[in-house]
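Structural description and commentary
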Amino acid sequence: MAKAFIETTILANILLKPGDIACRNKAALAKYETSSMPTYAIKELKAGALAYYVWTYNKLVVTDSLANTLLAIRSVMSFQPYRASTAIEALASAMQPLIVSSELQTQYGKIADPQQVIFDSCRLMLKKLIIGAWKRRRLICDSVLFPIGCFRESGPKEVDGLFELEERRCKPQTECELGLLLKKDPKALVRLKGVVDTQPQKRENSRRSKALRELIRNPKRPCTETMCRDLGDVIFAFLAPIDATVLTTNLRDIQPLVAALGKKASSPD
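Residues numbered from 1 in each chain as written. Predicted model: local features only at pLDDT ≥ 70, side-chain atom pairs only at ≥ 80, totals over all residues. Heavy atoms only, no water.

Attention now goes to the packing of helix α10 (residues 186-196) against helix α14 (residues 251-260). Between α10 and α14, the least distance of the axes is 9 Å, while the angle of their chain directions is 150 degrees. Between α10 and α14, the angle is such that the two are roughly antiparallel. By crossing handedness, the relation of α10 to α14 is classed as right-handed. Two secondary-structure elements touch here, α10 through R191, L192, V195 and V196 and α14 through P256, L257 and A260. (Axes fitted to C-alpha atoms, helices over the stretch in contact; angles between N-to-C directions. Helix = DSSP H or I, 4+ residues; strand = E, 2+ residues; numbered from the N terminus. Parallel < 35°, antiparallel > 145°, perpendicular 65-115°, else oblique. Left-handed = near helix turned anticlockwise from the far one by under 90°. Contact = heavy atoms within 4.5 Å.)

One pass over the full model with this rule turns up three aromatic pairs. Relative to F236, the ring of Y40 lies with its centre 5.7 Å away and its plane at 70 degrees, an arrangement referred to as edge-to-face. Of this pair, Y40 sits in helix α3 (residues 39-47) while F236 is found in helix α13 (residues 233-239), placing the two residues 196 residues apart along the sequence. Like F236, Y40 is buried. Between Y52 and Y82, the ring centres sit 5.4 Å apart and the planes meet at 70 degrees, which makes this aromatic pair edge-to-face. (Phe/Tyr/Trp six-rings, centres within 6.5 Å; stacked < 30°, edge-to-face > 60°. Buried < 20%, exposed > 50% of the residue type's maximum accessible area, 1.4 Å probe, protein only.)

Across the sheet, which stays open at both edges, the five strands sit in the order β3-β2-β1-β6-β7 with parallel pairing between neighbours. Whereas interior strands pair on both sides, the edge strands pair on one side only; in this sheet they are β3 (143-145) and β7 (264-266). Put simply, the sheet's adjacent strands are angled 35 degrees from each other on average, direction ignored. As judged from the three bridges shared by strand β1 (residues 3-6) and strand β2 (residues 34-38), these two strands associate in the parallel manner. Within β2, the position partnered with F5 by the bridge is S36. Lying on the sheet, α3 is in contact with β1, β2 and β3; it crosses β2 at an angle near 60 degrees. Contacting β6 (245-247) and β7, α14 crosses the sheet at an angle of about 165 degrees to β7. (Pairing = 2+ DSSP bridges.)

Looking now at helix α11 (residues 203-217). Here α11 is 15 residues long and its end C-alpha atoms lie 21 Å apart, about the 21 Å a rise of 1.5 Å per residue gives. Every buried residue of α11 is accounted for by N205, R208, S209, A211, L212 and L215. For α11, the angular spread of buried residues about the axis comes to 165 degrees, placing them on one side. Facing away from the buried side of α11 by more than 90 degrees, the exposed set consists of R203, K210 and R217. Close packing links the buried residues of α11 with α9 (177-182), α10, α12 (225-231) and α13. (Expected span 1.5 Å × (residues − 1). Arc of directions from axis to C-beta.)

Fair warning: the whole summary comes from geometry, so function is off the table for now.
Structure (structure tokens):
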């Protein structure tokens, strides 16, 4: 039986991205007879793509202007490139189904300001995307595995016209629950660190290697929430069932990690 283990990029693409991207990811997932994902994917979705969609929506509301929202995105592009690129994707997702339809003409009339029509419709569609994505987060696959007791799975709430997305980080009382699970197999952690240390030298890999080193050398020390976040791809490789394929759009980074544990990875493309 073909089994898929979904990584965060697949979850985000299906829930939040424009039509063609979502369709390709759904089609790839449909090739498997059964599918699962860890709760960690929802944690990453909330702290990453969903949070940036919320940020974009709130910019639309506060600036009351599509043009000013684009300027706000440009202002963070140099030091928060992932936020900026995701915000642009959020606008693209919201605008794709709005291309001057007869429904808009019926709603606003022929004399309506076209820019205002597009802006209002874009804001509404983005709001629907955010709410719908959170409602459907557990419906994309057959099962959600590895619950995280220290992670509060609370969704976006609208307060005075703006979305609030609270508690994006876990709050472990003593130690990260996933850390406890990881430390049960130190040999796997050593193999994973060996792969991380051969990957491109970038900040996320440096943080990942440091977190793994701490787990390996000091297993009695508590695994912190920061370490849990920094591990990222490592957690998917570690948690993936041996008979499942990790489905991801980040094949370049994840495939070597899963291969080190005798597992498989695949991409929708």
